[in-house]
Amino acid sequence: MRTIKYTFLTTINSHAIAYPTPINLHYAWNFGFLSLVCLGIQLITGIFLAMHYTPHINFAFYSIEHIMRDINFGWLIRYIHTNGASLFFITVYFHIFRSLYFGSYTKPKQWVWVIGIIILFLMIITAFIGYVLPWGQMSLWGATVITNLVSAIPKIGNYIVFWLWGSFSVDNSTLNRFFSLHYLLPFLIIAMSLFHIILLHQNGSNNPLGIESISDKINFYPYFVIKDFFGLILFFIFFSFFLYFFPNILGHSDNYIEANPMITPAHIVPEWYFLPFYAILRSIPHKLGGVIIMILSILILAILPWLHSTEIRSSRFKPIYKFFYWILITCYLLLGWIGGMPVEDPYIFIGQTLSLYYFIYFLILLPLLGKVEKILLF
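This is a predicted model, so every value here is computed, not measured.

### A closer look at the domain arrangement of the chain
Assigned domains of the chain: these are domain 1 (20-263) and domain 2 (269-372). Each of domain 1 and domain 2 has a C-alpha centre, and the two are 21 Å apart. Across the contact, 42 residues belong to domain 1 and 33 residues belong to domain 2. If you look at where domain 1 meets domain 2, you find 0 salt bridges. Elements represented by at least two residues in the side of domain 1 that touches domain 2 include exactly helix H4 (74-101), helix H5 (110-132) and helix H6 (137-148). By residue number, the principal contributor to the side of domain 1 that touches domain 2 is H5, which donates 10 residues. Residue classes in the side of domain 1 that touches domain 2 are distributed as 27 nonpolar, 11 polar and 4 charged.

### Regarding the UniProt feature "binding site: a ubiquinone" (unreviewed entry) in the chain
The feature "binding site: a ubiquinone" (unreviewed entry), as given by UniProt, occupies His 201 in the numbering adopted here. With respect to the element layout, His 201 can be found in helix H8 (residues 172-203). Overall, the relative accessible area of 18% leaves His 201 in the buried class.

### Details of the nonpolar core
If you look at the biggest cluster of nonpolar residues, it comprises 93 residues, and the most contacted ones within it are Phe 89, Leu 100, Tyr 358, Tyr 361 and Phe 362. Ranked by residues supplied to this core, first place goes to H5 with 14 residues. Built from parts of two domains, this core gets at least three residues from each of domain 1 (20-263) and domain 2 (269-372). Ignoring any residue separated from it by four or fewer positions in sequence, one finds Phe 89 in contact with Leu 120, Met 123, Ile 124, Ala 127, Tyr 273 and Phe 274. Membership of the second largest hydrophobic core comes to 5 residues, among which are Leu 149, Ala 152, Tyr 278 and Val 291.

### Overview of the layout of surface pockets
Put simply, the largest pocket is a space of about 1200 Å³. Looking at the largest pocket, it is lined by 42 residues, and the ones nearest its centre are Gly 32, Phe 33, His 196, Ile 197 and Leu 200. Those elements that place two or more of their residues in the lining of the largest pocket are helix H1 (2-17), helix H2 (30-50), H4, H5, H8 and helix H9 (223-245). Per-element accounting of the lining of the largest pocket gives the leading share, 8 residues, to H8.

### Comments concerning the packing of H2 against H9
Each pair of packed helices can be summarised by the angle the axes make with each other and by the distance between the axes. H9 packs onto H2 with a crossing angle of 55 degrees between their chain directions and a minimal axis gap of 10 Å. Considering their axes alone, H2 and H9 lie oblique with respect to each other. Regarding H2 and H9, the two cross each other, and that crossing is right-handed. Contacts from Asn 30, Phe 33, Leu 34, Val 37, Cys 38 and Ile 41 in H2 reach Lys 227, Asp 228, Gly 231, Leu 232, Phe 235, Phe 236 and Phe 239 in H9. Each residue belonging to the contact of H2 with H9 can be placed in one class, and the counts come to 9 nonpolar, 2 polar and 2 charged.

### As for the packing of H2 against H4
Direction vectors running N to C along H2 and H4 enclose 155 degrees, while the axes themselves pass 9 Å from each other. In this view, H2 runs roughly antiparallel relative to H4, as classed from their interaxial angle. Taken as a pair, H2 and H4 cross one another with a handedness that is left-handed. Here Phe 31, Gly 32, Leu 34, Ser 35, Cys 38, Leu 39, Ile 41, Gln 42, Thr 45, Gly 46, Phe 48 and Leu 49 of H2 lie close against H4, whose contacting residues are Ile 77, Arg 78, Ile 80, His 81, Gly 84, Ala 85, Leu 87, Phe 88, Thr 91, Val 92, Phe 94 and His 95. Class assignment for the residues of the contact of H2 with H4 results in 14 nonpolar, 9 polar and 1 charged.

### Digging into the packing of aromatic side chains
Given two aromatic rings, one states the distance between the centres and the angle between the planes to describe the pair. Considering all chains together, one arrives at 37 aromatic pairs under this definition. With centroids separated by 5.1 Å and ring planes inclined at 65 degrees, the aromatic side chains of Tyr 101 and Tyr 325 adopt a geometry described as edge-to-face. Residue Tyr 101 is located in helix H4, and its partner Tyr 325 is located in helix H13 (residues 319-339); the two are separated by 224 residues in the primary sequence. Here the guanidinium or amino end of Arg 98 rests over the ring plane of Trp 29, the centre of that ring lying 4.3 Å away. Above the ring of Tyr 27, the side-chain terminus of Lys 227 is found at 4.9 Å from the ring centroid.

Rules behind the numbers
Numbering of residues begins from 1 in every chain and follows the order in which that chain's sequence is written. Whole-chain, interface and lining totals are the exception, using all residues; otherwise, since this is a predicted model, local features are given only for residues with pLDDT of at least 70 and side-chain atom pairs are given and counted only at 80 or more. Side-chain numbers come from the whole structure's heavy atoms, not from hydrogens or water. All domain edges in this entry derive from an automatic or database-based domain assignment. Here, two residues are considered to be in contact whenever any of their heavy atoms come within 4.5 Å of each other. Basic side-chain nitrogens of Lys or Arg form a salt bridge, by our definition, when they fall within 4 Å of a carboxyl oxygen of Asp or Glu. Counting from the N terminus, the helices are DSSP H or I runs at least four residues long and the strands are E runs at least two residues long. Under the scheme applied here, ten amino acids are nonpolar (Ala, Val, Leu, Ile, Met, Phe, Trp, Tyr, Cys and Pro), four are charged (Asp, Glu, Lys and Arg), and all others, including Gly, are polar. UniProt positions are given in the numbering used here, feature names are shortened, and annotations may be inferred rather than shown by experiment. Partly exposed describes any residue whose relative accessible area lies between the buried limit of under 20% and the exposed limit of over 50%, with all areas from a 1.4 Å probe on protein chains only and scaled to the type maximum. In this description, a nonpolar core means a group of buried Ala, Val, Leu, Ile, Met, Phe, Trp, Tyr and Cys residues linked to one another through side-chain atoms lying within 4.5 Å. Buriedness of a pocket was judged along seven lines, with at least five required to meet protein on both sides within 12 Å; pockets are open sets of points on a 1 Å grid over the protein atoms alone, cavities are sets where a 1.4 Å probe fits but cannot get out, and lining residues have an atom within 4 Å of a point. Grid points are joined across faces, edges and corners, and a volume is the space filled by probe spheres set on the points. Every axis corresponds to a line fitted to the C-alpha atoms, with the helix fit spanning only the stretch in contact, and the corresponding angles, defined between N-to-C directions, vary from 0 to 180 degrees. For classification, angles of less than 35 degrees are called roughly parallel, those exceeding 145 degrees roughly antiparallel, those between 65 and 115 degrees roughly perpendicular, and all remaining angles oblique. Left-handed describes a crossing in which the near helix is turned anticlockwise from the far one by less than a right angle; the clockwise case is right-handed. Within 6.5 Å between ring centres, the rings of Phe, Tyr and Trp (the latter by its six-membered ring) count as paired, and their orientation is classed by plane angle as stacked under 30 degrees, edge-to-face over 60, tilted in between. A ring is scored as having a charge over it whenever the NZ atom of a lysine or the CZ atom of an arginine sits within 6 Å of its centre and within 35 degrees of its normal.

Okay, structure coming up:
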């Protein structure tokens, strides 16, 4: 017992107290910590919601209403969970774009980056199946549309869809399976997050200058602990603003209508944090091609360390790269807007143009800029 206690305290000291941290980290590095906080919030509130949720198509919608109306502070727990999912994606997206800007994906931290993209992929799956659980109109039809994409796989697609549904349509079996997976996957995300942190601490954190720093480091505690908790206070203020004043602004109003398989909503859209990838999917007129391109838009991030190797990591020293980087950010935001628009001109053409730039940036611009950079350096 004493050995276990000593090992635990040593681990805490190594990774949270005496961990050598670059002295010049600024607040953009807070989003990793905030993402971990969001994960904890989602796990705790999800467990409490699961205590009162009924995974049955005849009772799921009313069990949500029961939580909102009859359970003490049930409305608060549910709003924390639903809005917490959006805030979780916001912090993770900021964390990813900060890493892109400062070159945190390059060697020797390539596997830290790959694990992070796997976590993003698991988050997308978990959030999607969680969106189905309230069993509103958008839950039912969103699940129907997204799971039907699997049918694009030649020969075996329809069999996989039938296996996913457990029936001939999105039904009670589907809801039960999604509830079980939604409860299980967050624990897998926690395991991957711990692995992510362990790999990060093995080589040390990156810094805004993008250089390997050995001497200019200080202990993580107390300086960066105070800095992280200051960021946490600001985060909770921002979170509370949505929670108490606009708790439904990030959701879809159709999800407050009980699921009805006989009535199709006029415009089926996923949650806002899926919209950029949804826009890429819709940009390809071929069903299977759209699915492949959408999956590649996420997987391309995982192979980024091998697409773009650079001697100068930070974008602050690369004005040309910085210019294309901010175009990418604008492109991603516009893709989110296009994903919520109807499938008609001019939105189709704009979505196709933006999707093309998204892939050109990662497959052509970054490798090309890396080669130009090496020529200028040597």
